[in-house]
Protein chains: 2
Amino acid sequence: MNERELRELPRDESLRLLASVAMGRVVFTLQALPAIRPVNHILDGGDIIIRTHLGAAITSAADGDGTVVAYEADAIDPDDHLGWSVIVLGTARLVRDEAEVARYSAMLRPWVFGNMDHVIRIHPEVVTGFRLMAFSEPIGSSEH
Amino acid sequence: MNERELRELPRDESLRLLASVAMGRVVFTLQALPAIRPVNHILDGGDIIIRTHLGAAITSAADGDGTVVAYEADAIDPDDHLGWSVIVLGTARLVRDEAEVARYSAMLRPWVFGNMDHVIRIHPEVVTGFRLMAFSEPIGSSEH
(Lines give C-alpha, C1' and ligand atoms only; values in the text may rest on other atoms or scores of the structure.)
Protein backbone atom coordinates (compact mmCIF):
# COMPACT_ATOMS: atom_id res chain seq x y z
CA MET A 1 0.00 0.00 0.00
CA ASN A 2 1.63 3.22 -1.11
CA GLU A 3 1.39 6.33 0.93
CA ARG A 4 -0.01 9.45 -0.59
CA GLU A 5 -0.24 13.02 0.35
CA LEU A 6 -2.84 15.72 0.06
CA ARG A 7 -1.79 19.06 -1.37
CA GLU A 8 -3.95 22.13 -1.27
CA LEU A 9 -4.27 23.89 -4.61
CA PRO A 10 -4.41 27.62 -5.30
CA ARG A 11 -7.68 29.14 -6.46
CA ASP A 12 -6.62 29.60 -10.09
CA GLU A 13 -5.49 26.03 -10.49
CA SER A 14 -8.62 24.78 -8.76
CA LEU A 15 -10.89 26.66 -11.16
CA ARG A 16 -8.83 25.44 -14.13
CA LEU A 17 -9.30 21.85 -12.99
CA LEU A 18 -13.02 22.46 -12.52
CA ALA A 19 -13.24 23.84 -16.06
CA SER A 20 -11.41 20.78 -17.40
CA VAL A 21 -14.29 18.43 -16.61
CA ALA A 22 -17.87 18.46 -17.86
CA MET A 23 -19.76 17.62 -14.72
CA GLY A 24 -19.94 18.25 -11.02
CA ARG A 25 -22.43 18.28 -8.18
CA VAL A 26 -24.39 21.21 -6.87
CA VAL A 27 -25.07 21.16 -3.13
CA PHE A 28 -27.85 23.18 -1.59
CA THR A 29 -30.40 23.19 1.16
CA LEU A 30 -33.88 21.89 0.41
CA GLN A 31 -36.52 22.13 3.11
CA ALA A 32 -33.79 22.51 5.73
CA LEU A 33 -32.07 19.30 4.57
CA PRO A 34 -28.82 18.87 2.66
CA ALA A 35 -29.39 18.16 -1.04
CA ILE A 36 -27.10 17.36 -3.94
CA ARG A 37 -27.64 16.91 -7.68
CA PRO A 38 -25.13 15.91 -10.37
CA VAL A 39 -25.13 18.39 -13.26
CA ASN A 40 -22.93 19.42 -16.15
CA HIS A 41 -21.22 22.78 -16.19
CA ILE A 42 -19.13 25.30 -18.04
CA LEU A 43 -17.09 28.19 -16.69
CA ASP A 44 -17.78 31.64 -18.08
CA GLY A 45 -16.08 34.78 -16.88
CA GLY A 46 -15.05 33.04 -13.69
CA ASP A 47 -18.60 31.92 -12.91
CA ILE A 48 -19.86 28.35 -12.95
CA ILE A 49 -22.85 27.94 -15.26
CA ILE A 50 -25.03 24.89 -14.78
CA ARG A 51 -28.14 23.67 -16.49
CA THR A 52 -30.39 21.43 -14.51
CA HIS A 53 -33.53 19.55 -15.33
CA LEU A 54 -33.88 17.85 -11.99
CA GLY A 55 -37.02 19.51 -10.77
CA ALA A 56 -37.47 23.03 -9.52
CA ALA A 57 -35.59 22.33 -6.30
CA ILE A 58 -32.51 24.38 -6.88
CA THR A 59 -34.06 26.89 -9.22
CA SER A 60 -36.62 27.98 -6.67
CA ALA A 61 -33.83 28.34 -4.11
CA ALA A 62 -31.69 30.29 -6.59
CA ASP A 63 -34.41 32.73 -7.49
CA GLY A 64 -34.58 36.26 -6.13
CA ASP A 65 -31.47 37.40 -4.28
CA GLY A 66 -29.69 34.13 -4.87
CA THR A 67 -28.73 31.49 -2.41
CA VAL A 68 -25.45 30.07 -1.19
CA VAL A 69 -24.60 26.70 -2.69
CA ALA A 70 -21.54 24.50 -2.83
CA TYR A 71 -20.30 23.05 -6.08
CA GLU A 72 -17.95 20.10 -6.24
CA ALA A 73 -16.12 18.38 -9.06
CA ASP A 74 -13.47 15.73 -8.80
CA ALA A 75 -11.43 13.26 -10.78
CA ILE A 76 -10.27 10.61 -8.35
CA ASP A 77 -9.08 7.24 -9.52
CA PRO A 78 -11.26 4.58 -7.89
CA ASP A 79 -8.31 2.19 -7.55
CA ASP A 80 -5.38 4.23 -6.32
CA HIS A 81 -7.44 7.19 -5.08
CA LEU A 82 -5.08 9.63 -6.74
CA GLY A 83 -6.57 12.72 -8.30
CA TRP A 84 -8.12 15.99 -7.32
CA SER A 85 -11.26 17.54 -5.88
CA VAL A 86 -12.41 21.14 -6.04
CA ILE A 87 -15.10 22.59 -3.81
CA VAL A 88 -16.58 26.02 -4.46
CA LEU A 89 -18.83 27.97 -2.15
CA GLY A 90 -20.74 30.66 -3.97
CA THR A 91 -23.98 32.44 -4.66
CA ALA A 92 -26.36 30.83 -7.15
CA ARG A 93 -28.72 32.93 -9.23
CA LEU A 94 -31.17 31.95 -11.93
CA VAL A 95 -30.12 33.31 -15.34
CA ARG A 96 -33.15 35.18 -16.64
CA ASP A 97 -31.78 37.20 -19.56
CA GLU A 98 -33.11 35.43 -22.64
CA ALA A 99 -30.02 36.05 -24.76
CA GLU A 100 -27.81 34.65 -22.01
CA VAL A 101 -30.10 31.67 -21.53
CA ALA A 102 -29.95 30.97 -25.27
CA ARG A 103 -26.16 31.31 -25.37
CA TYR A 104 -25.58 29.07 -22.36
CA SER A 105 -28.16 26.56 -23.53
CA ALA A 106 -26.22 26.15 -26.75
CA MET A 107 -23.01 25.54 -24.79
CA LEU A 108 -24.43 23.21 -22.17
CA ARG A 109 -25.90 20.04 -23.53
CA PRO A 110 -28.76 18.96 -21.30
CA TRP A 111 -28.72 15.39 -20.05
CA VAL A 112 -32.36 14.67 -20.64
CA PHE A 113 -34.59 16.15 -23.26
CA GLY A 114 -38.15 17.21 -22.90
CA ASN A 115 -37.91 18.21 -19.25
CA MET A 116 -38.10 21.80 -18.17
CA ASP A 117 -34.63 23.04 -17.42
CA HIS A 118 -33.02 26.18 -16.09
CA VAL A 119 -29.68 27.89 -16.34
CA ILE A 120 -28.06 28.89 -13.05
CA ARG A 121 -24.98 31.02 -12.51
CA ILE A 122 -22.81 30.35 -9.46
CA HIS A 123 -20.37 33.09 -8.53
CA PRO A 124 -17.46 31.46 -6.66
CA GLU A 125 -16.61 33.06 -3.36
CA VAL A 126 -14.53 30.46 -1.55
CA VAL A 127 -12.60 27.99 -3.70
CA THR A 128 -10.92 24.99 -2.08
CA GLY A 129 -8.97 22.48 -4.08
CA PHE A 130 -6.73 19.60 -3.22
CA ARG A 131 -4.78 17.00 -5.06
CA LEU A 132 -4.03 13.51 -3.79
CA MET A 133 -0.59 12.57 -5.01
CA ALA A 134 1.58 9.52 -4.61
CA PHE A 135 3.98 10.21 -1.82
CA SER A 136 7.25 11.16 -3.47
CA GLU A 137 10.74 11.20 -2.05
CA PRO A 138 10.92 14.27 0.14
CA ILE A 139 12.66 17.19 -1.54
CA GLY A 140 14.22 19.39 1.06
CA SER A 141 11.64 18.23 3.55
CA SER A 142 12.63 17.92 7.16
CA GLU A 143 9.57 15.90 8.05
CA HIS A 144 11.05 12.58 6.95
CA MET B 1 -27.05 14.16 -30.51
CA ASN B 2 -28.89 11.18 -29.14
CA GLU B 3 -31.78 11.57 -26.80
CA ARG B 4 -31.69 9.92 -23.45
CA GLU B 5 -34.09 9.28 -20.71
CA LEU B 6 -33.99 9.32 -16.96
CA ARG B 7 -35.36 6.35 -15.08
CA GLU B 8 -35.89 6.30 -11.35
CA LEU B 9 -34.46 3.26 -9.62
CA PRO B 10 -35.90 1.32 -6.72
CA ARG B 11 -34.22 1.56 -3.32
CA ASP B 12 -32.61 -1.90 -3.45
CA GLU B 13 -31.04 -1.33 -6.85
CA SER B 14 -29.87 2.13 -5.80
CA LEU B 15 -28.08 0.76 -2.73
CA ARG B 16 -26.55 -2.05 -4.81
CA LEU B 17 -25.14 0.53 -7.24
CA LEU B 18 -23.82 2.60 -4.35
CA ALA B 19 -22.09 -0.49 -2.94
CA SER B 20 -20.54 -1.21 -6.34
CA VAL B 21 -18.30 1.86 -6.24
CA ALA B 22 -15.60 2.82 -3.75
CA MET B 23 -16.23 6.50 -3.31
CA GLY B 24 -18.94 9.10 -2.99
CA ARG B 25 -19.53 12.51 -1.50
CA VAL B 26 -20.92 13.34 1.90
CA VAL B 27 -23.03 16.49 2.06
CA PHE B 28 -23.66 18.29 5.30
CA THR B 29 -24.15 21.69 6.82
CA LEU B 30 -21.14 23.49 8.21
CA GLN B 31 -21.65 26.80 9.96
CA ALA B 32 -25.03 27.17 8.26
CA LEU B 33 -23.46 26.69 4.81
CA PRO B 34 -23.69 23.71 2.45
CA ALA B 35 -20.57 21.56 2.55
CA ILE B 36 -19.39 18.50 0.63
CA ARG B 37 -16.39 16.18 0.91
CA PRO B 38 -15.39 13.27 -1.32
CA VAL B 39 -14.79 10.10 0.72
CA ASN B 40 -14.58 6.38 0.21
CA HIS B 41 -17.24 4.07 1.57
CA ILE B 42 -18.44 0.56 2.19
CA LEU B 43 -21.96 -0.68 2.89
CA ASP B 44 -22.48 -2.76 6.01
CA GLY B 45 -25.84 -4.04 7.15
CA GLY B 46 -27.59 -1.50 4.95
CA ASP B 47 -25.65 1.41 6.42
CA ILE B 48 -23.06 3.50 4.60
CA ILE B 49 -19.74 3.52 6.44
CA ILE B 50 -17.28 6.27 5.59
CA ARG B 51 -13.86 7.14 6.86
CA THR B 52 -12.81 10.70 6.56
CA HIS B 53 -9.61 12.51 7.27
CA LEU B 54 -10.75 15.89 6.06
CA GLY B 55 -10.80 17.76 9.30
CA ALA B 56 -13.26 17.49 12.13
CA ALA B 57 -16.00 19.22 10.13
CA ILE B 58 -18.32 16.32 9.64
CA THR B 59 -17.29 14.37 12.70
CA SER B 60 -18.22 17.17 15.05
CA ALA B 61 -21.58 17.46 13.31
CA ALA B 62 -22.09 13.69 13.48
CA ASP B 63 -21.36 13.46 17.16
CA GLY B 64 -24.03 13.13 19.80
CA ASP B 65 -27.50 12.38 18.49
CA GLY B 66 -26.32 12.37 14.90
CA THR B 67 -27.06 14.77 12.12
CA VAL B 68 -28.85 14.51 8.80
CA VAL B 69 -26.50 14.31 5.84
CA ALA B 70 -26.86 13.49 2.18
CA TYR B 71 -24.59 11.00 0.49
CA GLU B 72 -24.15 10.82 -3.26
CA ALA B 73 -22.33 8.47 -5.57
CA ASP B 74 -22.50 8.33 -9.31
CA ALA B 75 -20.94 6.77 -12.37
CA ILE B 76 -21.77 9.04 -15.27
CA ASP B 77 -19.82 8.92 -18.50
CA PRO B 78 -18.35 12.38 -19.15
CA ASP B 79 -18.88 12.03 -22.89
CA ASP B 80 -22.30 10.58 -23.41
CA HIS B 81 -23.62 11.38 -19.91
CA LEU B 82 -25.06 7.90 -19.56
CA GLY B 83 -24.85 6.29 -16.16
CA TRP B 84 -26.44 6.50 -12.76
CA SER B 85 -26.56 8.60 -9.63
CA VAL B 86 -27.76 7.63 -6.18
CA ILE B 87 -28.58 10.13 -3.45
CA VAL B 88 -29.19 9.04 0.12
CA LEU B 89 -30.56 11.15 2.91
CA GLY B 90 -29.79 9.71 6.31
CA THR B 91 -28.55 10.18 9.83
CA ALA B 92 -24.79 10.24 10.38
CA ARG B 93 -23.28 9.10 13.64
CA LEU B 94 -19.68 8.77 14.72
CA VAL B 95 -18.68 5.13 15.28
CA ARG B 96 -17.21 5.00 18.78
CA ASP B 97 -17.06 1.30 19.55
CA GLU B 98 -13.38 0.41 19.33
CA ALA B 99 -13.92 -3.05 17.88
CA GLU B 100 -16.18 -1.60 15.19
CA VAL B 101 -13.71 1.19 14.46
CA ALA B 102 -10.94 -1.41 14.07
CA ARG B 103 -13.07 -3.62 11.83
CA TYR B 104 -14.17 -0.77 9.56
CA SER B 105 -10.70 0.74 9.50
CA ALA B 106 -9.38 -2.53 8.11
CA MET B 107 -12.06 -2.52 5.39
CA LEU B 108 -11.81 1.14 4.42
CA ARG B 109 -8.45 2.19 3.13
CA PRO B 110 -7.83 5.80 4.06
CA TRP B 111 -6.81 8.17 1.29
CA VAL B 112 -4.11 9.91 3.21
CA PHE B 113 -1.97 8.51 5.96
CA GLY B 114 -0.91 10.20 9.11
CA ASN B 115 -3.97 12.41 9.46
CA MET B 116 -6.48 11.86 12.18
CA ASP B 117 -9.46 10.13 10.74
CA HIS B 118 -12.88 9.00 11.93
CA VAL B 119 -15.38 6.36 11.00
CA ILE B 120 -18.95 7.53 10.46
CA ARG B 121 -22.07 5.44 9.96
CA ILE B 122 -24.88 6.84 7.82
CA HIS B 123 -28.23 5.13 8.17
CA PRO B 124 -30.14 5.65 4.90
CA GLU B 125 -33.63 7.00 5.32
CA VAL B 126 -34.56 8.30 1.88
CA VAL B 127 -32.84 6.69 -1.11
CA THR B 128 -33.22 8.22 -4.56
CA GLY B 129 -31.58 6.72 -7.59
CA PHE B 130 -31.80 7.36 -11.28
CA ARG B 131 -30.24 6.00 -14.38
CA LEU B 132 -29.62 7.99 -17.54
CA MET B 133 -30.14 5.64 -20.46
CA ALA B 134 -29.93 6.03 -24.20
CA PHE B 135 -33.42 6.63 -25.48
CA SER B 136 -34.64 3.35 -26.89
CA GLU B 137 -37.42 2.77 -29.39
CA PRO B 138 -40.61 3.51 -27.54
CA ILE B 139 -42.41 0.39 -26.38
CA GLY B 140 -46.06 1.15 -26.13
CA SER B 141 -45.29 4.81 -25.71
CA SER B 142 -47.60 7.37 -27.19
CA GLU B 143 -45.18 10.25 -26.74
CA HIS B 144 -43.26 9.65 -29.96
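- An unreviewed UniProt entry annotates chain A as Pyridoxamine 5'-phosphate oxidase family protein originating from Microtetraspora glauca.

Things to note about the pattern of salt bridges
Working step 1: Under the criterion given, the structure shown has 16 salt bridges over all chains.
Working step 2: The salt bridge involving Arg 25 of chain B is made with Glu 72 of chain A; its shortest N-O contact spans 3.5 Å. Note that Arg 25 of chain B is positioned in strand β2 (residues 23-30) and Glu 72 of chain A in strand β5 (residues 67-76), a pairing that runs across two chains. Residues Arg 25 of chain B and Glu 72 of chain A agree in their burial class; the two are buried.
Working step 3: Put simply, Asp 44 of chain B and Arg 103 of chain B hold a salt bridge, and the shortest N to O gap is 3.2 Å. In this pair, Asp 44 of chain B is assigned in strand β3 (residues 33-44) and Arg 103 of chain B in helix α3 (residues 98-107), connecting sequence segments 59 residues apart.
Working step 4: Ionic contacts of the salt-bridge type, sharing partners, join the residues Arg 25, Glu 72 and Asp 74 of chain A together with Arg 25, Glu 72 and Asp 74 of chain B into one network.

Details of unusual backbone geometry
Working step 1: You will see that Gln 31 of chain A, though not glycine, has its phi angle at about 55°, which is positive.
Working step 2: Under the relative-accessibility criterion, Gln 31 of chain A is labelled exposed at 73%.

Structural notes on the environment of Leu 18 of chain B
Residue and element names in this part refer to chain B.
Working step 1: Within the element layout of this structure, Leu 18 appears in helix α1 (residues 11-19).
Working step 2: Residue Leu 18 is classed as buried on the basis of its relative accessible area, which comes to 0%.
Working step 3: Leaving out residues up to four positions away in the same chain, Leu 18 has contacts with His 41, Leu 43, Ile 48, Tyr 71, Ala 73, Trp 84, Val 86 and Val 88.

Here's the deal with the side chain of Arg 25 of chain B
Working step 1: Judged by its relative accessible area of 4%, Arg 25 of chain B is buried.
Working step 2: In terms of polar contacts, Arg 25 of chain B uses its side chain to reach the side chain of Asp 74 of chain A, at 2.9 Å.

Structural notes on the pairing of strand β3 (residues 33-44) of chain A
Residue and element names in this part refer to chain A.
Working step 1: Pairing between strand β2 (residues 23-30) and β3: 8 bridges, direction antiparallel. Its bridge partner lying in β3, Met 23 is registered against Asn 40.
Working step 2: Linkage of β2 to β3, two consecutive antiparallel strands, is achieved through a turn of 2 residues, within which Gln 31 is found at a positive phi near 55°.
Working step 3: Bridge count between β3 and strand β4 (residues 47-52): 5 bridges; the pairing is antiparallel. Bridge pairing in β4 links Leu 43 to Ile 48.
Working step 4: Between β3 and the antiparallel strand that follows it, β4, lie 2 residues; Gly 45 among them carries a positive phi value of about 60°.

So, how was this worked out
- Residue numbers here run from 1 along each chain, matching the order of that chain's written sequence.
- Lettering for chains starts from A, numbering for ligands starts from 1, and both go in the order in which the items are written.
- Where totals are concerned, whole chains, interfaces and linings use all residues; where local detail is concerned, this predicted model gives features only for residues with pLDDT of at least 70, and gives and counts side-chain atom pairs only at 80 or more.
- Excluded from the side-chain calculations are hydrogens and water; all other atoms, namely the structure's heavy atoms, are used.
- Salt bridge criterion: a side-chain nitrogen from Lys or Arg within 4 Å of a carboxyl oxygen from Asp or Glu.
- A run of H or I in DSSP counts as a helix once it spans at least four residues, and a run of E counts as a strand once it spans at least two, with each numbered from the N terminus.
- Note on classification: 1.4 Å probe, protein chains only; a residue is buried when its accessible area is under 20% of the maximum for its type, exposed when over 50%, partly exposed between these limits.
- By definition in these notes, contact holds between two residues if any of their heavy atoms fall within 4.5 Å.
- Each polar contact in these results corresponds to two N or O atoms within 3.5 Å; when the atoms are within protein, one needs to be able to donate a hydrogen and the other to accept it, and residues that are neighboring in sequence are counted only if both atoms are side-chain atoms.
- By the convention used here, strands pair only if DSSP detects at least 2 bridges between them.

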